[in-house]
Amino acid sequence: MNVRRYLRDNRTTVAIVLLAIAAPASWMLQRWVVGAPAVSDFIGPPISDYVLYNSKVWSYDVTGLLSFTMTSPRMDRRGGDESLYINAPVFDITAKKPGVPDWHGNAPYGWVNKSGTLMRLDGSMYMQRPAYVLAGKANPVSTLCTSNVTGWPKENRMETADPATMTQGASVMNGVGMRASLNDNHLELLHEVHGTIYSSQNNATAKPIDCRAIAHAAGTGQTG
């Protein structure tokens with residue numbers, strides 16, 4: 001067979017074959033020389049449809065009473081599900097019993113769903129309730145240090161699987177995992193619980209302890 005004549009008479013077919021071979025070969029050569037494309041390491045909230053600065057959010061329970069207030073220097077609303085991504089939230093949890101003060105707290109980051117029924121507080125969280133007197137009984141300052149909390153604002157409930165430190169006056173309790181129902185002032189530590197408990201009379205007159213003073217040694221969150 002005359003190769004030159006074959007190539008001349010079948011120029012179109014030969015060109016297609018050569019291109020079919022050259023295309024994958026050039027791609028393989030490029031991957032070998034340049035390497036695989038870089039993988040994006042961006043971590044953060046999805047693209048926002050709007051941003052709020054120095055904002056405030058109110059949440060009400062099923063009866064229409066105020067249950068939760070949150071302020072933040074920046075909130076990003078996600079366009080897909082209208083949830084809020086929150087920087088440095090500062091919040092107040094409204095007490096449901098007359099004469100009992102609200103809880104005040106803060107965390108590095110937060111998230112709230114569109115309806116306000118579900119909330120996350122990410123990173124180290126700190127909460128504090130002032131001292132008060134109810135029915136003639138003195139109740140000392142209470143504090144809570146933990147992290148990565150899931151909450152239900154309309155029900156005043158929250159929980160975490162992380163270590164937690166709770167104080168009331170001079171009494172201190174440490175544990176792993178926590179559940180709290182703030183409507184009835186019930187906080188429960190779930191595992192590896194230990195601490196120091198004073199009697200009501202001694203606790204009312206003793207110098208109160210803030211959980212932030214002992215959180216580092218206990219391995220729990222300590223937001224300022």
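Structural data are supplied above this passage.
Residues numbered from 1 in each chain as written. Predicted model: local features only at pLDDT ≥ 70, side-chain atom pairs only at ≥ 80, totals over all residues. Heavy atoms only, no water.

Quick word on the side chain of serine 83
Note the following rule: Comment: elements are numbered from the N terminus, with helices defined as DSSP H or I runs of at least four residues and strands as E runs of at least two. Here a residue-residue contact requires only that any non-hydrogen atoms of the pair lie within 4.5 Å.
By the element assignment, serine 83 lies in the loop between strand S2 (66–78) and strand S3 (84–87). Those residues in contact with serine 83, other than ones at most four positions away along the chain, are Asp76, Arg77, Arg78, Trp111, Val112, Asn113 and Lys114.

Looking at the packing of aromatic side chains
Rules: Centres within 6.5 Å are what make two rings of Phe, Tyr or Trp a pair, Trp counting through its six-membered ring; a difference in plane orientation under 30 degrees is then read as stacked, over 60 as edge-to-face, and the rest as tilted. To sort residues, take the accessible area from a 1.4 Å probe on protein chains only and compare it with the maximum for the residue type: under 20% means buried, over 50% means exposed, and anything in between is partly exposed. By definition, being over a ring means that NZ of Lys or CZ of Arg is both within 6 Å of the ring centre and within 35 degrees of the ring normal.
For the structure shown, the criterion picks out one aromatic pair. Here phenylalanine 68 and phenylalanine 91 contribute two aromatic rings whose centre-to-centre distance is 5.8 Å and whose plane-to-plane angle is 20 degrees, an arrangement assigned as stacked. Taken together, the residues phenylalanine 68 in strand S2 and phenylalanine 91 in strand S4 (residues 90–93) connect sequence positions 23 residues apart. Summarising the burial analysis for this pair, phenylalanine 68 and phenylalanine 91 share the class buried. Across from the ring centre of tryptophan 152, 4.4 Å away, lies the NZ or CZ of arginine 157, which sits over that ring. We note arginine 212 situated over the ring of tyrosine 126; from NZ or CZ to the ring centre the distance is 3.9 Å.

A short note on the environment of aspartate 49
Of note, aspartate 49 is situated in strand S1 (residues 48–60). Considering only alpha carbons, one finds aspartate 49 and aspartate 76, 27 residues apart in sequence, at a separation of 7.8 Å. Not counting chain neighbours up to four residues away, the residues in contact with aspartate 49 comprise Arg77, Arg78 and Gly79.

A word on the pattern of salt bridges
Short version of the rule: Salt bridges are defined by distance alone: a side-chain nitrogen of Lys or Arg within 4 Å of a carboxyl oxygen of Asp or Glu.
Inspection of the entire model under this criterion finds seven salt bridges. Note that glutamate 82 is salt-bridged to arginine 77, the shortest N-O span being 3.5 Å. Take glutamate 82: its relative accessible area is 30%, and that puts it in the partly exposed class. Put simply, glutamate 82 and lysine 114 hold a salt bridge, and the shortest N to O gap is 3.6 Å. Residue glutamate 82 is found in the loop between S2 and S3, and its partner lysine 114 is found in the loop between strand S6 (109–112) and strand S7 (119–129); the two are separated by 32 residues along the sequence.

Side note on the nonpolar core
The cut-off we apply is this: Nine residue types can take part in a nonpolar core, namely buried Ala, Val, Leu, Ile, Met, Phe, Trp, Tyr and Cys, and a core is a set of them joined through side-chain atoms within 4.5 Å.
If you look at the biggest cluster of nonpolar residues, it comprises 23 residues, and the most contacted ones within it are Met70, Phe91, Ile93, Leu121, Met125, Met127 and Met158. When residues in this core are grouped by element, the largest group, four residues, is from S7.

So, the pairing of S4
Keep this limit in mind: DSSP calls a pair of strands paired once it identifies at least 2 bridges connecting them.
Burial along S4 is one-sided: Phe91 and Ile93 are buried, while Val90 and Asp92, pointing the other way, are not. Examined bridge by bridge, S2 and S4 share four bridges and lie antiparallel to one another. Bridge pairing in S4 places methionine 70 opposite phenylalanine 91. Pairing between S4 and strand S5 (residues 103–106): four bridges, direction antiparallel. Pairing of valine 90 across the sheet is with asparagine 106, part of S5.

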